[in-house]
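Structural features, examined
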Amino acid sequence: MTTIIDQDRLARIIADAKLRSGSGAGVNGAIDVCVMQAVDYIAGGNGRTDRPDCADPVITAFCIRLNDAPRFAKWRDELKPYIVRIAGTRADLAAQRKRAYMCADWAIRMIAPLAFDFWADLVPERREEALAWAKQLRDVGAVTDEPSARSAREVAMKAQS
């Protein structure tokens, strides 16, 4: 899908917007948007939807979770440079599936182990257990298809419990 980016709107978002958690009121004089509303706005929309037609649903879901994560709040505006890259990503189902596996792989083999590393520092009496789970999650095979996703999910669910 080809998406035409409004350069004036993009410049306004980059210069003036402070991205917010959750959906904002859009762009009507003031800019009150989350990252996905900003994508809608630069692609010609009114900036009121956080599910613009020009963006891949997998990328949209990922960005919404990241944008709204309380621990990510102080870095939320770091998403601004990606707004233009998100616009025009809507693709066929095969591409969406591949992106979903990439996100799952990243969550299981990168982010979850970091959480266990953090836990190891917070709870010294469970440090060895936390570090063992971090290593086990890092050692999971790449998530590239349904069987590898099921296998990785099993390890992640054991780690969670």
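Within every chain, residues take consecutive numbers counted from 1 along the sequence as written. Since the coordinates come from a predicted model, pLDDT governs what is reported: local features require at least 70, and pairs of side-chain atoms require 80 or more to be given and counted, while whole-chain, interface and lining totals use all residues. Heavy atoms throughout the structure, all of them, feed into the side-chain values; hydrogens and water do not.

A few points about the overall build of the protein chain
Helix and strand assignments follow DSSP, with helices taken as H or I runs no shorter than four residues and strands as E runs no shorter than two, numbered in order from the N terminus. Looking only at helices and strands, the protein chain features seven helices and two strands. The helix and strand sequence of the protein chain, counted from the amino end, reads α-β-β-α-α-α-α-α-α. Over its C-alpha atoms, taken along the principal directions, the protein chain stretches across nearly 55 × 35 × 20 Å. Burial status follows relative accessibility: with a 1.4 Å probe on protein chains alone, a residue under 20% of its type maximum counts as buried, one over 50% as exposed, and anything between as partly exposed. Within the span of the protein chain, comprising 161 residues, buried residues form 36% of the whole. Across the protein chain, contacts joining residues at least 24 apart in sequence account for 55% of those joining residues at least 6 apart. About 9700 Å² of surface is accessible on the protein chain, with carbon and sulfur atoms providing 55% of the total. With 24 positive and 22 negative side-chain charges, the protein chain shows a spacing of 1 Å between the two charge centroids. Residue contacts are counted whenever heavy atoms from the two residues lie within 4.5 Å of one another. Each accessible area is a Shrake-Rupley result for a 1.4 Å probe, and residues are judged covered by the shown protein chains and nothing else. Positive charges are assigned to Lys and Arg, negative charges to Asp and Glu, while His and the chain termini are left out of the count. To locate a charge, take atom NZ for lysine, CZ for arginine, CG for aspartate or CD for glutamate.

Quick notes on helix H2 (residues 35-42)
Each α-helix turn comprises 3.6 residues. Residues three or four places apart therefore point the same way. Counting buried residues in H2 gives eight out of eight residues, a clear majority hidden from the surface. Every buried residue of H2 is listed here: Val 35, Met 36, Gln 37, Ala 38, Val 39, Asp 40, Tyr 41 and Ile 42. Taken together, the buried residues of H2 touch helix H1 (7-16), strand E1 (26-28), strand E2 (30-32), helix H3 (57-68) and helix H4 (80-86). Among the residues trailing H2, Gly 44 stands out with phi positive, at a value near 105 degrees.

As for the nonpolar core
As used in this record, nonpolar core signifies buried Ala, Val, Leu, Ile, Met, Phe, Trp, Tyr and Cys residues forming a set joined through side-chain atoms within 4.5 Å. Ranked by size, the top nonpolar core spans 25 residues in total, and within it Ile 13 and Met 36 carry the most contacts. Elements represented by at least two residues in this core include exactly H1, H2, H3 and H4. For this core, the leading source of residues is H2, giving six residues. The contacts of Ile 13, once residues within four sequence positions are left out, are Ile 31, Val 33, Ala 38, Tyr 41, Ile 42, Lys 80 and Ile 83. One finds Ile 108, Ala 120, Ala 152 and Val 155 within the second-largest nonpolar core, a separate group that totals 14 residues.

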